[in-house]
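Here's the letter readout for the chains.
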Amino acid sequence: MTKTTELGQETVENILKRLRRIEGQVRGLQKMVAEGRPCDEVLTQMTATKKAMEAAATLILEEFLNICAAGVSEGKVDPKKPGEIATMLKKFI
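Now for a quick tour of the structure. If you're wondering where the values come from, they're calculated on a predicted model, not measured in any experiment.

1. Quick notes on the overall build of the protein chain
1) Next: Of the regular secondary structure elements, the protein chain holds three helices and zero strands.
2) Next: Traced from its N-terminal end to its C-terminal end, the protein chain shows the element sequence α-α-α.
3) Next: Looking at the 93 residues of the protein chain, the share that counts as buried comes to 22%.
4) Next: Carbon and sulfur atoms make up 60% of the accessible area of the protein chain, which totals about 6900 Å².

2. Some thoughts on helix α1 (residues 9–35)
1) Next: With 27 residues, α1 extends 39 Å between its outermost C-alpha atoms, agreeing within 8% with the 39 Å of an ideal straight helix rising 1.5 Å per residue.
2) Next: Residues T11, I15, I22, Q25, L29 and M32 constitute the buried set of α1.
3) Next: Trailing α1 by a residue or two, G36 shows a phi angle of about 75°, which is positive.

3. Quick look at the environment of T44
1) Next: Here T44 lies in helix α2 (residues 39–73).
2) Next: Separated by 2.8 Å, the side chain of T44 and the backbone oxygen of D40 make a polar contact.

4. Considerations on the environment of F64
1) Next: As for its placement among the helices and strands, F64 is situated in helix α2.
2) Next: With 24 residues separating them in the primary sequence, F64 and M88 have C-alpha atoms 8.9 Å apart.

5. Re the side chain of T11
1) Next: Tracing the backbone shows T11 in helix α1.
2) Next: Once residues lying within four places of it in the same chain are set aside, the contact partners of T11 are L59 and E63.

6. Here's the deal with the pattern of salt bridges
Once the charged atoms of two side chains with opposite charge are near each other, the side chains can pair.
1) Next: Following the criterion strictly, the structure yields three salt bridges and no others.
2) Next: Residue E23 pairs with R27 through a salt bridge whose shortest N-O separation is 3.4 Å. Here the residue E23 and the residue R27 both occupy positions in helix α1, the gap between them amounting to four residues, near one helical turn.
3) Next: With a shortest N-O distance of 3.6 Å, R37 and E35 are connected by a salt bridge.
4) Next: You can call E35 partly exposed: its relative accessible area is 45%.

7. Some details on the side chain of E63
1) Next: Position of E63 relative to the elements: it lies in helix α2.
2) Next: Here the side chain of E63 touches T11 through a polar contact of 3.3 Å, side chain to side chain.
3) Next: Setting aside chain neighbours within four positions, we find E63 in contact with L7, G8 and T11.

Conventions we followed
Residues numbered from 1 in each chain as written. Predicted model: local features only at pLDDT ≥ 70, side-chain atom pairs only at ≥ 80, totals over all residues. Heavy atoms only, no water. Helix = DSSP H or I, 4+ residues; strand = E, 2+ residues; numbered from the N terminus. Buried < 20%, exposed > 50% of the residue type's maximum accessible area, 1.4 Å probe, protein only. Areas by Shrake-Rupley, 256 points an atom, 1.4 Å probe, with all protein chains shown as cover. Expected span 1.5 Å × (residues − 1). Polar contact = N/O pair within 3.5 Å; in protein donor to acceptor, adjacent residues only side chain to side chain. Contact = heavy atoms within 4.5 Å. Salt bridge = Lys/Arg side-chain N within 4 Å of Asp/Glu carboxyl O.

Rendered as structure tokens:
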């Protein structure tokens, strides 16, 4: 199983930056609900948070697929990789 430690350092830093921003968005959502803000405003912010999570997941998936592709091009094909790729794609979809 590919670990996040195998991702490029720049990718890891980018993902962490996005997750910290998402954490702030979630705190903001909690505050909005506690303050009784209009539902449409809360749902708009929830949609933005969901899209931010999807963007972070896409970065991880892209890097994972790049790692797998590099292994194939180098002739290092792990017989477990196709199943691992399928599992990752199922989680993402």
